[in-house]
Amino acid sequence: MTETRRSTERSPYWGVPVARAIPFIVTALVITFSPNHSAQVGLFAYGVLAIVSGLIVAVLSWRTIEVRSTRVVFLVQGVASVLFGALALGFNAGGLGFLLFCATMNSAIGGFLELYAGLKAGKNPAGRDWAVVGGLTVVFALVLIFFPTDPVFAVGMLGAYSAVIGLFLVIGGLSLRWGTTAPVAATGPEPTRRAS
């Protein structure tokens, strides 16, 4: 008689991307429903997003990632995010140029760090998600650098980027939460054949 067993592997890291998704989704909703897309609003929204998400990344990743070098990468990413977020809030009247500076520098640093962590993750199930989020964040930085922009465009791109990253993080976190291994078959002794 053959018995099939299915085991479920739940990564202890699954709650981190879900927690990370919350400030991104809130930022996307605030920008979407705000009639004011000025640089000052953008600096405020980006500052809060960067500080909250940076703290989540630094604290939760340090507690849930086993590989020390990867923990350090995410700690640096989180600290950089908090610093640029504090700059955005502290100089809230800095205008479009300062918004682009904070968003571009933080996205470039954080994006490359997360992309690097994803590419070096090996068999870590979260590695692919790190690579995708890092790559999208680098693309966001490049869009702000190379495309002609005004406050409405910059803040709108921030909202779109936040929505995409937020939804992706939720999906990635739930995939880690409900991920399953391949079925393992346990077989008993094979029935003997009668000679014909």
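Quick note: structure is the one above.
Residues numbered from 1 in each chain as written. Predicted model: local features only at pLDDT ≥ 70, side-chain atom pairs only at ≥ 80, totals over all residues. Heavy atoms only, no water.

1. Brief notes about the overall build of the chain
Turning to step 1, where the next piece is worked out: Looking only at helices and strands, one finds 6 helices and 2 strands in the chain.
Turning to step 2, where the next piece is worked out: In the chain, the succession of helices and strands from N to C terminus is β-α-α-α-α-α-α-β.
Turning to step 3, where the next piece is worked out: In the chain, once contacts between residues fewer than 6 apart in sequence are set aside, the share between residues at least 24 apart is 78%.
Turning to step 4, where the next piece is worked out: As displayed, the chain offers around 11,200 Å² of accessible surface, 68% of which is attributable to carbon and sulfur atoms. (Helix = DSSP H or I, 4+ residues; strand = E, 2+ residues; numbered from the N terminus. Contact = heavy atoms within 4.5 Å. Areas by Shrake-Rupley, 256 points an atom, 1.4 Å probe, with all protein chains shown as cover.)

2. Section: helix H3 (residues 68–90)
Turning to step 1, where the next piece is worked out: Helix length check: H3 (23 residues) gives 33 Å between terminal C-alpha atoms against 33 Å at 1.5 Å per residue, within 8%.
Turning to step 2, where the next piece is worked out: Residues of H3 that are buried sit in contact with helix H1 (15–33), helix H2 (39–64), helix H4 (95–119) and helix H5 (127–146). (Expected span 1.5 Å × (residues − 1).)

3. Observations concerning the environment of leucine 136
Turning to step 1, where the next piece is worked out: Here leucine 136 is to be found in helix H5.
Turning to step 2, where the next piece is worked out: On the basis of relative accessibility, which here comes to 33%, the residue leucine 136 falls in the partly exposed class.
Turning to step 3, where the next piece is worked out: Note: C-alpha distance between leucine 136 and phenylalanine 112 (24 residues apart in sequence) is 9.9 Å.
Turning to step 4, where the next piece is worked out: Ignoring any residue separated from it by four or fewer positions in sequence, one finds leucine 136 in contact with Tyr161, Val164 and Ile165. (Buried < 20%, exposed > 50% of the residue type's maximum accessible area, 1.4 Å probe, protein only.)

4. Regarding the side chain of arginine 71
Turning to step 1, where the next piece is worked out: If you trace the backbone, arginine 71 turns up in helix H3.
Turning to step 2, where the next piece is worked out: Reaching out from arginine 71, the side chain makes a polar contact with the backbone oxygen of glutamate 66 at a distance of 3.1 Å.
Turning to step 3, where the next piece is worked out: Every residue in contact with arginine 71, bar those within four places of it in the chain, is listed here: Ser61, Trp62, Ile65 and Glu66. (Polar contact = N/O pair within 3.5 Å; in protein donor to acceptor, adjacent residues only side chain to side chain.)

5. Observations regarding a nonpolar patch on the surface
Turning to step 1, where the next piece is worked out: A grouping of Trp62, Val72, Leu75, Val76, Val79 and Leu83 is seen on the molecular surface, where their side chains present a nonpolar patch of about 480 Å² in accessible area.
Turning to step 2, where the next piece is worked out: Among the residues examined, valine 79 registers a relative accessible area of 41% and is labelled partly exposed. (Patch = residues over 30% accessible without salt bridge, like charges linked within 9 Å, V, L, I, M, F, W, Y side chains within 5 Å. Salt bridge = Lys/Arg side-chain N within 4 Å of Asp/Glu carboxyl O.)

6. Some thoughts on the pattern of salt bridges
Turning to step 1, where the next piece is worked out: Inspection of every chain in the model, using the stated rule, returns 2 salt bridges.
Turning to step 2, where the next piece is worked out: Two residues, glutamate 114 and arginine 20, come together in a salt bridge whose shortest N-O distance is 2.9 Å. Of the two residues, glutamate 114 is situated in helix H4 and arginine 20 in helix H1; the sequence distance between them amounts to 94 residues. Accessibility assignment for this pair places glutamate 114 and arginine 20 in one class, buried.
Turning to step 3, where the next piece is worked out: Arginine 128 is the salt-bridge partner of aspartate 129, the closest N and O atoms lying 3.6 Å from each other.

7. With respect to empty space enclosed by the protein
Empty space among the atoms becomes visible once a probe the size of a water molecule is rolled across them.
Turning to step 1, where the next piece is worked out: A complete count under the given rule lists 3 cavities of 30 Å³ or more for this structure.
Turning to step 2, where the next piece is worked out: Reported here for the largest cavity is a volume of approximately 240 Å³.
Turning to step 3, where the next piece is worked out: If you trace the largest cavity, you find 20 residues lining it, with Phe24, Ser53, Ser81, Asn106 and Tyr161 closest to the centre.
Turning to step 4, where the next piece is worked out: With 6 residues, the single largest contributor to the lining of the largest cavity is H2.
Turning to step 5, where the next piece is worked out: Tallied by class, the residues present in the lining of the largest cavity amount to 8 nonpolar, 10 polar and 2 charged.
Turning to step 6, where the next piece is worked out: Estimated volume of the second largest cavity: approximately 40 Å³.
Turning to step 7, where the next piece is worked out: As for the second largest cavity, its lining consists of Tyr13, Pro17, Arg20, Glu114, Asp129, Trp130, Val133 and Leu169.
Turning to step 8, where the next piece is worked out: For the lining of the second largest cavity, the secondary structure elements donating two or more residues are H1 and H5. (1 Å grid on protein atoms, 1.4 Å probe; cavity = no way out; pocket = protein on both sides within 12 Å on 5 of 7 lines; lining within 4 Å. Points joined across faces, edges and corners; volume = space filled by probe spheres on them. Nonpolar A, V, L, I, M, F, W, Y, C, P; charged D, E, K, R; others polar.)

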